[in-house]
Each structure stands twice: as C-alpha cells, then as structure tokens.
Number of protein chains: 2
Amino acid sequence: MKWQRMHKARANCVACPVLSQGLCGALNDQEALRLSSVSWHRRFSAGQIIHAEGEKPSYFCAVMTGVVKLMKSLPNGDQQIVGLLLPGDFLGRPFGGDSRSSAIAATNVRLCSFPRAVVEGLASESRVVERWLLDHVSDELEKAQDWIVLLGRMSAEQRIATFILSVMRSTHFEDAAAPKSCDEILIELSLSRTEMADYLGLTIETVSRQIARLRERGVIKVGASRTMIIRQPEALEATLEAALPGEGPKSTVRI
Amino acid sequence: MKWQRMHKARANCVACPVLSQGLCGALNDQEALRLSSVSWHRRFSAGQIIHAEGEKPSYFCAVMTGVVKLMKSLPNGDQQIVGLLLPGDFLGRPFGGDSRSSAIAATNVRLCSFPRAVVEGLASESRVVERWLLDHVSDELEKAQDWIVLLGRMSAEQRIATFILSVMRSTHFEDAAAPKSCDEILIELSLSRTEMADYLGLTIETVSRQIARLRERGVIKVGASRTMIIRQPEALEATLEAALPGEGPKSTVRI
DNA sequence: CGAGCACCTTGATCTAGATCAAATGGATCA
DNA sequence: TGATCCATTTGATCTAGATCAAGGTGCTCG
C-alpha cells in the first residue's frame with residue numbers, strides 16, 4: 001500500500017517541469033514522496049488572482065504550466081510587474097511573512113501547491129532543500145538586478161528587444177553552439193500589450209509602436225494571438241549594443 | 001590559550017554592526033569563534049573597487065562602516081547602481097559563481113572579510129547560518145522589487161523623495177510611534193549627485209534640479225558635504241501618494 | 001594666494017516617450 | 001449577420017526629463 005502510494009506519487013510527477021528543473025528534482029525519493037503526498041494541483045485561468053498583496057500565503061506553489069506575474073500597484077492605479085514566474089519557478093517566500101506583491105495568472109496556469117508547513121519543515125530538515133531555495137532566491141535577485149538596469153538605463157527599443165530575446169531564449173534554449181537550423185523562430189509572448197507595458201515600465205502605446213517599428217524593419221513578423229516570428233535575432237541583439245559603432249566609451253570611465 | 005583566542009575574537013566584535021544586525025548575531029559562540037578567527041578587516045576609501053564584475057570573489061564580506069554600491073555598466077558607458085550595502089549587510093553570493101556586478105566603495109568603508117570556504121562550510125553545517133542567508137537574500141530581493149517599481153513607475157520627484165526618506169529611515173530608525181521630538185532631521189546622503197543619478201535612473205542635472213525645488217519649497221535645507229536637513233518629512237511622503245487628492249483611482253482596477 | 005580640479009548648479013533647448021483621442025480588428029454571442 | 005466588447009494600432013500633441021553648455025563653489029596643492 002505504501003509502496004503503491006509512493007509509486008502513484010511519483011507517477012504524477014513524471015512529466016512535471018518542477019521535477020526536471022525545479023525544487024522536486026533536488027529531492028531524494030523519500031523527500032519527494034513526502035512532498036507529493038501532500039501536494040495538490042490547482043488551475044487558474046488568465047487574469048485570476050492567485051495570491052493578493054499583503055496576505056500571508058498558506059501554500060507554496062510550483063508553476064507547472066503557464067506564466068504567473070508578480071505585481072505591485074501604486075496608489076494612483078499604475079501597476080508594475082516585478083517578476084514573471086515560468087514553469088519550474090516557485091511562488092512564495094519560505095519562512096517569510098506577508099507577501100509584498102500579488103501573484104496573478106498571466107495565462108492559464110497549473111500550479112502544484114504544498115502546505116506552507118510541509119515545505120518549511122522539509123527545508124529545516126533537508127540540507128538540499130534549503131540550498132535549493134537559497135540558490136533559487138539568489139537567481140531571482142540577479143534577475144531583478146538585471147531588470148533594474150533595464151528600467152533605469154535602457155530605451156524603449158532596447159527594453160522591447162531584451163524582452164523578446166528573453167522570451168526567445170526561455171523557450172528555444174539553444175545550446176552554446178547554436179545550430180541555426182531553422183532561421184525563423186516562432187515565439188509566444190504570453191503577455192498582453194498592457195502586461196508588457198507594466199513589465200517594461202512603458203505605456204501600451206509605446207510598446208505597440210516599438211513592435212510596429214521592428215515589424216516595418218523586417219526584424220520580426222507579428223502573428224495572431226500574441227505570437228511572433230523572429231527573423232533577425234541579430235538585429236535585436238544589435239540594438240542592445242548601445243555603444244555607437246566605431247566609438248569607444250563616450251568619456252573616461254567613471255568610478 | 002584557546003580560551004584567550006576566543007576571548008580576543010569576540011572582543012573585536014563588540015561594537016560591530018555585523019554582530020548586532022548581521023550574520024554574526026545569528027551565530028552561537030562556537031560558530032562565532034570559528035568565523036572571527038579567520039576574519040580580517042579591510043579598509044577601502046571612497047571610489048576604490050572592492051570587487052570587479054565577472055570575477056569569482058574569494059571572500060565574503062560584511063560591511064562594518066560606510067556604504068558599498070553594487071553597479072553594472074552598459075556598453076555605452078552608462079552605469080546603474082543595482083543595490084547599496086549598509087553596515088550589517090553582506091557582500092557576495094554564497095555558493096554562487098562569478099559576481100554579476102561590481103562592488104565599489106561609495107564612501108570610506110571598513111569590511112570584515114571571511115574566506116569563501118569557511119562561510120560556505122558554516123552554512124552547510126549550521127541550520128541557522130543557512131537560514132540567515134536565505135532570509136537576507138529574500139530581503140534583498142524584496143528591496144530590488146521595490147526599486148523596480150521606483151524605476152518603472154515613479155517620477156523624478158518621487159524618486160528623490162523616496163531616496164531621501166529611505167536614507168532618513170535607515171539612520172533615524174524611529175519607533176512605530178514617532179516621538180517627533182526634534183523636528184529638524186539631519187541626514188547624510190553618503191552619495192554624490194552622480195551616484196544618486198545612477199541609483200535613481202536619472203541624470204545628474206535632474207537630481208540637482210529636483211533637490212533645488214525641494215529646497216525652494218522649504219521641504220529640505222541643503223548643507224555642506226552631502227548633508228541635508230529635513231524640515232517637512234510629511235511633504236516628502238505626500239509626493240509619494242501619487243493619487244490626486246479627492247480622486248479615487250483613475251479608472252476601474254485592472255487585473 | 002591663485003591655479004587646477006572635481007563637484008554641483010543653473011540655463012536653454014531638444015526629444016523620447018507620455019497622453020489624449022480615434023480608428024481598426026478579432027472574438028463572442030444572440 | 002451584425003452588435004458588443006475587447007485588445008491593439010495609429011495619429012496628433014504635449015511634457016518631463018535628457019542633453020548641451022556655461023557658470024559657480026570649494027577643495028587641495030604648489
């Protein structure tokens with residue numbers, strides 16, 4: 001009986017990105033059993049609130065499919081997306097208090113949820129789990145710092161290019177030596193123009209115009225339902241090399 | 001002899017902010033001894049590079065006095081400060097690889113440095129240390145997310161106000177029920193105009209002009225050598241309530 | 001004491017991106 | 001089949017903040 005439960009538990013997880021790329025992959029069989037035996041799956045459709053700002057979450061969730069946006073609202077109604085969670089990512093701050101941002105499904109989403117206490121217990125007992133959490137949060141911090149650079153110093157064009165490239169790379173995770181077999185890369189943006197604007201610190205009109213410019217230049221081809229074909233990835237990368245060609249840094253390096 | 005070393009080790013640390021607010025405060029005597037027996041102090045003067053982007057740091061450092069800026073440079077020479085480290089804060093990503101930003105002394109700085117291996121060993125063995133690191137990184141992540149909101153959605157005026165308030169709060173950590181005894185609060189900015197601009201995603205001229213406006217309105221009084229007297233903290237807070245008085249949110253709440 | 005230098009302020013002008021305003025397109029539904 | 005409701009695009013205009021360009025201010029050092 002126990003064996004069967006274990007077997008069933010793992011069977012549920014075979015195709016799960018949380019096993020291949022997320023927390024579960026770091027667990028041994030016993031830990032995985034413990035976690036999967038108390039886990040349950042939830043679905044959210046695009047736009048649904050998964051977790052509201054200021055509440056203490058009762059669960060930790062791993063994203064199985066879809067995209068979750070973490071957002072903060074300003075008193076004037078403006079919003080800013082402070083992070084996107086992709087399959088394998090983790091929602092909730094272990095050992096933390098109230099959440100400082102709300103989590104909202106950007107697309108249809110499937111989550112694997114674990115009671116708070118179980119994950120915290122596991123982290124307290126298992127070296128590996130706590131280490132995984134530390135690494136994961138550290139990665140998130142580095143991503144946030146990259147975003148700070150984007151928001152603090154990049155032009156609208158560069159922000160859009162960065163975003164498109166990051167979506168491209170997150171799906172078409174090409175190996176170091178990119179084979180460049182199919183030159184036309186189809187990507188799915190997953191976000192509405194409004195969401196892109198909230199993520200990139202722009203307005204919806206600016207996002208739309210910048211995408212239009214890329215289309216006119218033949219860099220991308222805009223498809224239906226938030227898809228896009230990248231025809232000249234190099235052109236996107238070129239806009240990120242902000243230094244004018246032929247010039248070194250403008251003046252002496254500041255320290 | 002051993003006892004004496006232990007005694008000496010702790011004696012060095014008595015007045016250290018890393019003990020009262022940082023990692024060391026979380027340690028037991030044995031752990032503290034282990035750490036302090038291999039620690040050494042380093043001084044950096046303002047502008048010196050503590051650690052360059054892209055190198056793997058050999059030490060972890062706790063900030064004892066002064067301010068350290070974490071910065072990233074863009075190919076065109078622009079710079080963005082992605083974080084400030086204050087006394088008690090920690091420099092270096094445990095178990096991480098190459099550093100993704102450079103650490104530079106913004107003021108004269110005293111650091112308490114530990115060999116990488118010792119901190120990692122301590123973290124691997126001590127529940128408390130690893131937990132402290134997790135909490136610390138999680139706090140940094142939340143601060144970074146707040147900064148993302150600042151850079152993505154706030155006006156220059158609001159950015160300056162936020163910065164001044166944060167400096168004020170980090171020094172005059174007033175209790176919940178603020179006594180408001182001395183109405184004039186003297187703060188030390190610690191950053192040059194250029195550094196403020198790099199931190200706030202603005203230009204130096206804009207920073208200067210916004211500060212001038214606050215001075216003209218009587219909200220602050222600008223002193224010599226990067227000091228400032230806050231005369232109307234409420235006025236600073238008021239600029240952050242971006243919603244126009246008497247109005248609710250502009251339109252229906254977006255989801 | 002004045003030259004040199006780093007930092008900061010102030011002024012004039014320009015522009016990327018915001019704002020305001022319509023038009024277009026694409027789904028759903030009766 | 002069109003009416004409704006979206007999201008998106010496109011156009012016209014405005015403005016906050018960038019950029020360009022002098023001046024101040026205060027410091028150190030010969």
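Residues numbered from 1 in each chain as written. Chains lettered and ligands numbered in written order. Predicted model: local features only at pLDDT ≥ 70, side-chain atom pairs only at ≥ 80, totals over all residues. Heavy atoms only, no water.

Caption draft 1: Representation of the interface of chain A and chain B. On the chain B side, the residues contacting the 54 residues of chain A number 54 residues. Roughly 5,400 Å² is buried in total at the junction of chain A and chain B, and carbon and sulfur atoms are behind 54% of that figure. The closest approach of N and O atoms between Glu130 of chain B and Arg131 of chain A, which form a salt bridge, is 3.5 Å. Applying the counting rule to chain A against chain B returns 26 residue pairs in polar contact (both at pLDDT 80 or more). If you list the elements that add at least two residues to the side of chain A that touches chain B, you get strand 4 (68–73), strand 5 (79–85), helix 4 (116–125), helix 5 (127–153) and helix 7 (193–200) of chain A. No other element matches the 21 residues that helix 5 of chain A contributes to the side of chain A that touches chain B. When grouped by side-chain class, the residues that make up the side of chain A that touches chain B number 24 nonpolar, eleven polar and 19 charged. (Contact = heavy atoms within 4.5 Å. Buried area = accessible area lost by both parts, 1.4 Å probe. Salt bridge = Lys/Arg side-chain N within 4 Å of Asp/Glu carboxyl O. Polar contact = N/O pair within 3.5 Å; in protein donor to acceptor, adjacent residues only side chain to side chain. Helix = DSSP H or I, 4+ residues; strand = E, 2+ residues; numbered from the N terminus. Nonpolar A, V, L, I, M, F, W, Y, C, P; charged D, E, K, R; others polar.)

Caption draft 2: Quick look at the pattern of salt bridges. Per the stated rule, a full pass over the model turns up 30 salt bridges over all chains. Linking Lys143 of chain A and Glu140 of chain A is a salt bridge whose minimum nitrogen-to-oxygen distance equals 3.4 Å. Residue Lys143 of chain A and its partner Glu140 of chain A are both found in helix 5; the two are separated by three residues, about one turn of the helix. For Lys143 of chain A, a relative accessible area of 44% puts it in the partly exposed group. Here Glu184 of chain B and Arg231 of chain B are joined by a salt bridge, their closest N and O atoms 3.1 Å apart. In this pair, Glu184 of chain B sits in the loop between helix 6 (156–171) and strand 9 (185–188) while Arg231 of chain B sits in the loop between strand 11 (227–230) and helix 9 (233–240), placing the two residues 47 residues apart along the sequence. The class of Arg231 of chain B is partly exposed, set by a relative accessible area of 37%. Here the residues in one salt-bridge network are Lys72, Arg93 and Arg100 of chain A together with Asp139, Glu142 and Asp146 of chain B, joined through shared partners. (Buried < 20%, exposed > 50% of the residue type's maximum accessible area, 1.4 Å probe, protein only.)

Caption draft 3: Representation of the protein's contact with DNA strand D in the model. Taken together, 16 residues form the shell around DNA strand D, and within it Arg193, Ser208 and Arg209 of chain A together with Ala156 and Thr206 of chain B come nearest. In the interface set of DNA strand D, defined as its atoms within 4 Å of the protein, sugar plus phosphate atoms amount to 65%. Arg209 of chain A places a side-chain nitrogen or oxygen 2.8 Å from a base nitrogen of DNA strand D. At 3.0 Å from a base nitrogen of DNA strand D is found a side-chain nitrogen or oxygen belonging to Glu205 of chain B. Broken down by secondary-structure element, the contributors of at least two residues to the surface near DNA strand D are helix 8 (204–216) of chain A together with helix 8 (204–216) of chain B. Counting residues per element, the surface near DNA strand D draws most heavily on helix 8 of chain A, which supplies five residues. (Near = heavy atom within 4 Å.)

Caption draft 4: Structural context of the pairing of strand 3 (residues 59–65) of chain B. Residue and element names in this part refer to chain B. Within strand 3, five of the seven residues are buried, which leaves the element mostly enclosed by the surrounding structure. Relative to strand 8 (residues 109–115), strand 3 runs antiparallel, the two sharing six bridges. Within strand 8, the position partnered with Tyr59 by the bridge is Pro115. Two elements, strand 3 and strand 6 (residues 90–91), share two bridges in a ladder whose sense is antiparallel. Each bridged residue has a counterpart across the sheet, and for Ala62 the counterpart in strand 6 is Phe90. (Pairing = 2+ DSSP bridges.)

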